[in-house]
Amino acid sequence: MRLDLPKIYPITDTQLSGLSHAEQVARLIEGGASLIQLRDKISSPREFYRQAAAALQVAHHHGARLIINDRVDIALALKADGVHLGQTDVPLEPARHLLGKEAIIGFSTHNAEQARLAIALPVDYLAFGPIFPTRSKDNPDPITGLTALEEAVTIKASLPLVAIGGIKLENVLEVLKAGADAVAVISELFVDPTKIAENMSKILRLALSSPNTVGIA
Ligand code: TZP
Ligand code: MG
């Protein structure tokens, strides 16, 4: 079944926010998030597992879903809602085999060719970007801009597409106008850790005001 993505898909960042994953998840949910990705490029697998377990309790208590970045093993062990994989992570077929057909599996793509290949894989949504410059990822792929996003939108067919990279209040509407089904956001939410719920709610309300919005919150 087609995944109905919320318009705003927040991704945690413990370095930027200075908060645990569970604390970030609680604040994001307070601001209206219903699907959240836990991303941690720094903690040991054991520490990430421990924090993800706590975050999952918070999310499920509030009826929100959690996707684990990179770590199929952690997603599987915790019965998280899914996993987000990149071009050099575990391939999609074995990930799907391990997690089963109910799991949400997202896949990062950075150009039209990768998007074309991705639609044949067992994925539930594509991420595409970085659309704009970003400081939240080490060694990011080249910036795609909105024109490449528009091309990816024509390629993805019925698969939901999440745009990512440098998306903020000031450009979220043009990204949705270019045809993205949703946008993933990091820094715009966490620059001021005291305002996570407020910033989440602001960008969500703006995204939902987009004439391109037909889906759920
Ligand atoms: N993948 C492509 S860009 C990016 C990731 C994980 C980081 C997006 O973060 P920000 O702060 O919203 O630009
Ligand atoms: Mg990855």
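Data block above holds the structure.
About the cut-offs
Every residue gets a number counted from 1 within its own chain, in the order that chain's sequence is written. To label them, take the chains in the order written and letter them from A, then take the ligands in the order written and number them from 1. Confidence filtering applies because this is a predicted model: local features only for residues at pLDDT of at least 70, side-chain atom pairs given and counted only at 80 or more, and all residues used for totals across whole chains, interfaces and linings. To get the side-chain values, all heavy atoms of the structure are used, and hydrogens and water are removed first. In this text, near means that some heavy atom of the residue lies within 4 Å of the molecule or strand in question. As used in this structure description, the phrase polar contact means that two N or O atoms lie within 3.5 Å; if the pair is within protein, one of them must be able to donate a hydrogen and the other to accept it, and residues adjacent in sequence are counted only when both atoms belong to side chains. Here the open area of atoms and residues is found with the Shrake-Rupley method and a 1.4 Å probe, where only the protein chains shown may cover a residue. Two kinds of site are reported from a 1 Å grid over the protein atoms alone, namely cavities, where a 1.4 Å probe fits but cannot get out, and pockets, open sets with protein on both sides within 12 Å along at least five of seven lines, and residues are called lining when an atom falls within 4 Å of a point. Put plainly, a molecule is in a cavity or pocket when over half of its atoms are within 2 Å of the grid points there. Any residue that is not Ala, Val, Leu, Ile, Met, Phe, Trp, Tyr, Cys, Pro, Asp, Glu, Lys or Arg is counted as polar, Gly included; the first ten are nonpolar and the last four charged. Sites may look incomplete because water is not among the atoms; the donors themselves are N, O and S atoms within 2.8 Å of the metal, or within 3.2 Å for Na, K and Ca. Starting at the N terminus, helices and strands are each numbered in turn, a helix being any DSSP run of H or I of at least four residues and a strand any DSSP run of E of at least two. The rule is simple: take the accessible area with a 1.4 Å probe, protein chains only, and divide by the maximum for that residue type; under 20% is buried, over 50% is exposed, in between is partly exposed. When DSSP finds two or more bridges between a pair of strands, those strands are recorded as paired. One less than the residue count of a helix, multiplied by 1.5 Å, gives the span that helix is expected to have. Within this analysis, the arc is defined by the directions that extend from the helix axis to the C-beta atoms. Handedness of a crossover: with both strands directed away from the viewer, a clockwise path from the first strand across the helix to the second marks it as right-handed. Grid points are joined across faces, edges and corners, and a volume is the space filled by probe spheres set on the points.

Before going further, it helps to examine the site of ligand 1. Around ligand 1, the surrounding shell consists of Arg39, Pro130, Thr134, Ser136, Lys137, Ile164, Gly165, Gly166, Val185, Ile186 and Ser187. Measuring from an oxygen atom of ligand 1, one finds a side-chain N or O atom of Thr134 at 2.6 Å. In the model, an oxygen atom of ligand 1 is placed 2.4 Å from a nitrogen or oxygen of the Ser136 side chain. Look at ligand 1: alone it shows 380 Å² of surface, and the protein chains cover 96% of it. With respect to the detected pockets, ligand 1 is housed in the largest pocket. Among the residues forming the shell around ligand 1, the class breakdown is four nonpolar, five polar and two charged.

Turning to the coordination of the magnesium ion (ligand 2), a few remarks are in order. Each angle at a metal carrying four tetrahedral donors should ideally be 109.5 degrees, and each at a metal carrying six octahedral donors should ideally be 90 or 180 degrees. Surrounding the magnesium ion (ligand 2) are the protein donor atoms Asp70 (OD) and Asp89 (OD), at 1.9 to 2.2 Å. Of this pair, Asp70 sits in the loop between strand S3 (65–69) and helix H4 (72–78) while Asp89 sits in the loop between strand S4 (82–85) and helix H5 (92–99), and the two are 19 residues apart along the sequence. You can call Asp89 partly exposed: its relative accessible area is 25%.

The two faces of strand S8 (residues 182–185) match: Ala182 and Ala184 on one face and Val183 and Val185 on the other face are all buried. Summarising the sheet, strand S1 (residues 8–10) and S8 pair through three bridges and their orientation is parallel. Each bridged residue has a counterpart across the sheet, and for Ile8 the counterpart in S8 is Val183. By the bridge criterion, three bridges tie strand S7 (residues 161–164) to S8 in an arrangement that is parallel. Following the sheet pairing, Ala163 is matched in S8 by Val183.

To continue, consider helix H3 (residues 45–61). In this model H3 runs 24 Å from its N-terminal to its C-terminal C-alpha over 17 residues, within 8% of the 24 Å that 1.5 Å per residue would give. Turning to H3, its buried residues are Phe48, Gln51, Ala52, Ala55, Leu56 and Ala59. End-on, the buried residues of H3 take up no more than an arc of 150°, which puts them together on one face. Relative to its buried face, H3 has exposed residues pointing more than 90 degrees away, namely Arg46, Arg50, Gln57 and His61.

For the rest of this paragraph, the subject is the pairing of strand S6 (residues 125–128). Covered by surrounding structure in S6 are Tyr125 and Ala127 together with Leu126 and Phe128, the residues of both alternating faces. For strand S5 (residues 104–109) and S6, the ladder comprises four bridges, and the chain directions are parallel. What sits directly across from Thr109, in S6, is Phe128. Relative to S7, S6 runs parallel, the two sharing three bridges. In the strand pairing of S7, Ala127 is matched with Val162. For the handedness criterion, the β-α-β arrangement of S6, helix H7 (residues 145–155) and S7 is classed as right-handed.

Approximately 560 Å³ is the volume found for the largest pocket. If you trace the largest pocket, you find 34 residues lining it, with Arg39, Ser108, His110, Lys137 and Ile164 closest to the centre. Secondary-structure elements contributing two or more residues to the lining of the largest pocket are S4, S5, S6, S7 and S8. Residue composition of the lining of the largest pocket, grouped by class: 12 nonpolar, 16 polar and six charged. When its volume is computed, the second largest pocket comes out at roughly 490 Å³. Considering the residues around the second largest pocket, the lining is formed by 20 residues, among which Asp13, Gln15, Arg135, Ser136 and Lys137 are closest to the centre. Examining the composition of the lining of the second largest pocket, we find that three residues originate from one element, helix H1 (residues 14–17), more than from any other. Of the residues that constitute the lining of the second largest pocket, the class distribution is four nonpolar, eight polar and eight charged.

As far as function goes, none of this settles anything; it's purely spatial.
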